[in-house]
Amino acid sequence: MEKIKTNIKGLDVLLGGGIPSRHNVFICGGPGTGKTSLSMEFLYRGAVGGESGLFLSLEEDVDSLVENVNATFTKWSKFNQLVKEKKLMLVTQESYIHVDMPETGVSPYYTFSKLHDKLDEVIDDNKIKRVVIDSASILNLFFDNDLEYRRTVLNLLRDLKKKGCTAMLTAELQNVNRDTVRFAIEHFVTDGVILLYLLEQQERRISAIEVLKMRGCEHSKVLTPFKITSNGIEVYVGERVY
Ligand SMILES: Nc1ncnc2c1ncn2[C@@H]1O[C@H](COP(=O)(O)OP(=O)(O)O)[C@@H](O)[C@H]1O
Ligand SMILES: [Mg+2]
């Protein structure tokens, strides 16, 4: 099975080589655990290595996304250039779907199917290999019920696969608890699940990562500490959290 290396320090060791090509992985965790950072680094490392990436941001606009990346990852010297060259494409739903309601003229509305079509087109036109959707939890808001949400996410994931894309979708979980998190809805429709935690330890908080599921991989099942550094995420394989 062909593996796509994330090239995030230590992560490929946990994954048993990388993410299987064309698989989709949910990055789950509470707020501030590093979901956006990790998925952005997945695209950055890909783009540096010649694989174009698409980051669909449903949570923040492109300007603030760029600002945050530049503030956090001060050593990513190629980031702005890659964005400029469209090898790392940052888009929001507003970049594509912006239909002013004729009656009111105020509130823009969008439908998911339009967004899906547009993504298809952009992926083809730009030979995109890696896709991030940040976050799938926001996607959920497009729908009235969970069944429709699941069906749509499945559809999207199937399409990305068909196009040869390897994907990360972030999902915000409240109160991430190692024992109960296994049953969140996203886990059932996806090839892989990576969990991010912020653990409280005495007076400090420690970031930790766990590969919960990765189809086709003999992956680590150990909760492993990591740090967000100015050059990217570093996973400290072999170290324990406690
Ligand atoms: N310059 C920085 N150096 C180290 N850590 C940072 C820096 N900037 C942000 N962070 C950390 O990254 C976290 C946010 O990560 P982010 O990927 O946005 O999380 P999420 O998407 O899960 O909400 C912050 O809570 C902060 O701890
Ligand atoms: Mg985020």
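Residues numbered from 1 in each chain as written. Chains lettered and ligands numbered in written order. Predicted model: local features only at pLDDT ≥ 70, side-chain atom pairs only at ≥ 80, totals over all residues.

Asks: Which parts of the structure should I look at to understand the overall build of the protein?
Replies: Scanning the protein from N- to C-terminus turns up eight helices and 13 strands. By the burial criterion, 40% of the 242 residues in the protein qualify as buried. Residue pairs at least 24 apart in sequence account for 66% of intrachain contacts in the protein once pairs closer than 6 positions are excluded. (Helix = DSSP H or I, 4+ residues; strand = E, 2+ residues; numbered from the N terminus. Buried ≥ 20, exposed ≤ 12 C-beta atoms within 10 Å, placed from the backbone. Contact = placed C-beta atoms within 7 Å.)

Asks: Please clarify how helix H6 (residues 112-125) should be interpreted in this entry.
Replies: Because an α-helix completes one turn every 3.6 residues, residues spaced three or four positions apart along the sequence face the same direction. With 14 residues, H6 should reach 20 Å at 1.5 Å per residue; the first-to-last C-alpha distance of 20 Å fits that figure. If you check which residues of H6 are buried, you get Leu115, Leu119 and Ile123. Summarising the axial view, the buried residues of H6 lie within an arc of 70°, below the 170-degree limit, and thus occupy one face. Exposed side of H6, more than 90 degrees from the buried face: Ser113, Glu121, Asp124 and Asp125 are the residues found there. Within two residues after H6, Lys127 carries a phi angle of roughly 50°, on the positive side. (Expected span 1.5 Å × (residues − 1). Arc of directions from axis to C-beta.)

Asks: Explain the sheet that holds strand S3 (residues 24-29) here, please?
Replies: As a general point, the strands of a sheet are linked pairwise by backbone hydrogen bonds and lie either parallel or antiparallel. With mixed pairing, the nine strands of this open sheet are ordered in space as S5-S4-S8-S9-S3-S10-S11-S12-S13. For this open sheet the edge positions go to strand S5 (88-92) and strand S13 (232-235), each flanked by a neighbour on one side alone. Averaged over neighbouring strand pairs, the angle between their axes works out to 25° when direction is ignored. Helix H2 (residues 35-48) contacts S3, strand S4 (52-57), S5, strand S8 (128-134), strand S9 (166-172), strand S10 (192-201), strand S12 (224-229) and S13 of the sheet and is inclined by roughly 170° relative to S8. Sitting on the sheet, helix H3 (residues 62-72) touches S4, S5 and S12, and the angle it makes with S5 is about 135°. (Pairing = 2+ DSSP bridges. Axes fitted to C-alpha atoms, helices over the stretch in contact; angles between N-to-C directions.)

Asks: Honestly, the environment of Leu139 in this entry has me stumped. Any pointers?
Replies: Looking at where Leu139 falls in the secondary structure, it is placed in helix H7 (residues 136-139). Taking the C-alpha atoms as reference, Leu139 lies 7.6 Å from Leu58; in sequence the two are 81 residues apart. Ignoring sequence-local partners within four residues, the contact set of Leu139 consists of Leu58, Ile133 and Val153.

Asks: What is the right way to read the site of ligand 1 from this model?
Replies: Looking at ligand 1, the residues that line it are Gly29, Pro31, Gly32, Thr33, Gly34, Lys35, Thr36, Ser37, Ala71, Thr72 and Ile228. The biggest single contributor to the shell around ligand 1 is H2, with three residues. Here the residues of the shell around ligand 1 are counted per class, giving three nonpolar, seven polar and one charged. (Near = placed C-beta within 6 Å. Nonpolar A, V, L, I, M, F, W, Y, C, P; charged D, E, K, R; others polar.)

Asks: Honestly, unusual backbone geometry in this entry has me stumped. Any pointers?
Replies: Most peptide bonds take the trans form, and the phi angle of most residues other than glycine is negative. Between Asp134 and Ser135 the backbone carries a cis peptide bond, its omega angle lying at 5°. Relative to the assigned elements, Ser135 resides in the loop between S8 and H7. Located in the positive-phi region is Asn7, a residue other than glycine, with phi close to 60°. Relative to the helices and strands, Asn7 resides in the loop between strand S1 (3-4) and helix H1 (11-15). Even without glycine at this site, Gln202 takes up a positive phi of about 45°. Looking at where Gln202 falls in the secondary structure, it is placed in the loop between S10 and strand S11 (204-214).

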